[in-house]
Amino acid sequence: MIEQAVPGDAGEVLTVQRAAYVSEAQLYGDPYIPPLVESLEQVRKVIEDAVVLKAVESGRIVGAVRGRLAGTTCLVGRLVVAPDLQGRGIGTALLRALHERVPDAQAFDLFTGHLSEPNLRLYRRLGYRETHRERMDDHLTLIHLRMTPQPAA
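On a predicted model such as this, the values are computed, not experimentally measured, just so you know.

J.: Explain the pairing of strand β6 (residues 129–137) here, please?
T.: When β6 meets strand β7 (residues 140–147), the two strands line up antiparallel, connected through 7 bridges. Its bridge partner being in β7, E130 is matched across the sheet by L145. Between β6 and the antiparallel strand that follows it, β7, lie 2 residues.

Dropping the structure here:
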């Protein structure tokens, strides 16, 4: 079940986020990536100010995604799924639900690291296309992607 997160969910969302991003930190050799050092208060504030969806299974938050409208573009961030449930379609369901919950968006933008192949496959499968690359340092290049929703027929 996918529903809007509330401020009281911040701790559980942060726990899933940290668990999900450990593999990214290992992949890039950086234990200080932003999703791992974000505070509980920062997550709570995002939940209050943005669209934050959570995936719930048997009473447990197993995934989350954020979206914030900037003009006509929804900036997508922190798509996370509990490591023990990855590969079951939860990330796909969360992204699709975000697309539906932000109907005024003319585009959805996100980014991921160049080594994050499973993420890139997911985004491309959902219609995201690379717009540009941004070299952050010797070990990380961010790949920026955009999805433009097709008008309903």
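Picking up where we left off.
J.: Whenever I open this one, the pattern of salt bridges confuses me. Can you help?
T.: Pairing between side chains of opposite charge can happen when their charged atoms approach one another. Applying the stated rule across the entire model yields 11 salt bridges. Across the pair E38 and R78 runs a salt bridge whose closest N-O atoms are separated by 3.3 Å. Taken as a pair, E38 in the loop between α2 (34–37) and α3 (40–49) and R78 in strand β4 (residues 73–81) lie far apart in primary sequence, 40 residues in all. With relative accessibility at 21%, the residue R78 sits in the partly exposed group. The shortest N-O distance in the salt bridge between D138 and R135 comes to 2.7 Å. Given a relative accessible area of 66%, D138 falls into the exposed group. The network of salt bridges with common partners includes E3, D9 and K54.

J.: Could you clarify how one ought to interpret α3 in this entry?
T.: In an α-helix, one turn spans 3.6 residues; hence positions three or four apart end up facing the same way. Looking at α3, one finds that the buried residues are V43, V46 and I47. Looking straight down α3, one finds its buried side chains confined to an arc of 100 degrees; they lie on one side. Looking at the buried side of α3, the elements it contacts are α1 (10–28), β2 (51–57) and β3 (60–70).

Criteria and thresholds
- Per-chain numbering applies: the sequence of each chain, read as written, is numbered from 1 onward.
- Reporting of local features is limited, given that this is a predicted model, to residues whose pLDDT is at least 70; pairs of side-chain atoms are given and counted only at 80 or more, and all residues count toward the totals for whole chains, interfaces and linings.
- Excluding hydrogens and water, the side-chain figures rest on all heavy atoms present in the structure.
- When DSSP finds two or more bridges between a pair of strands, those strands are recorded as paired.
- Strands here are runs of E lasting at least two residues and helices are runs of H or I lasting at least four, both read from the DSSP assignment and numbered beginning at the N terminus.
- In the sections that follow, a salt bridge refers to a side-chain nitrogen of Lys or Arg positioned within 4 Å of a carboxyl oxygen of Asp or Glu.
- Burial classes: relative accessible area under 20% of the type maximum marks a residue as buried, over 50% as exposed, and values in between as partly exposed (1.4 Å probe, protein chains only).
- Starting at the helix axis, one direction is taken to each C-beta atom, and the arc is that of these directions.
- Here, residues are in contact when the closest pair of their heavy atoms is within 4.5 Å.

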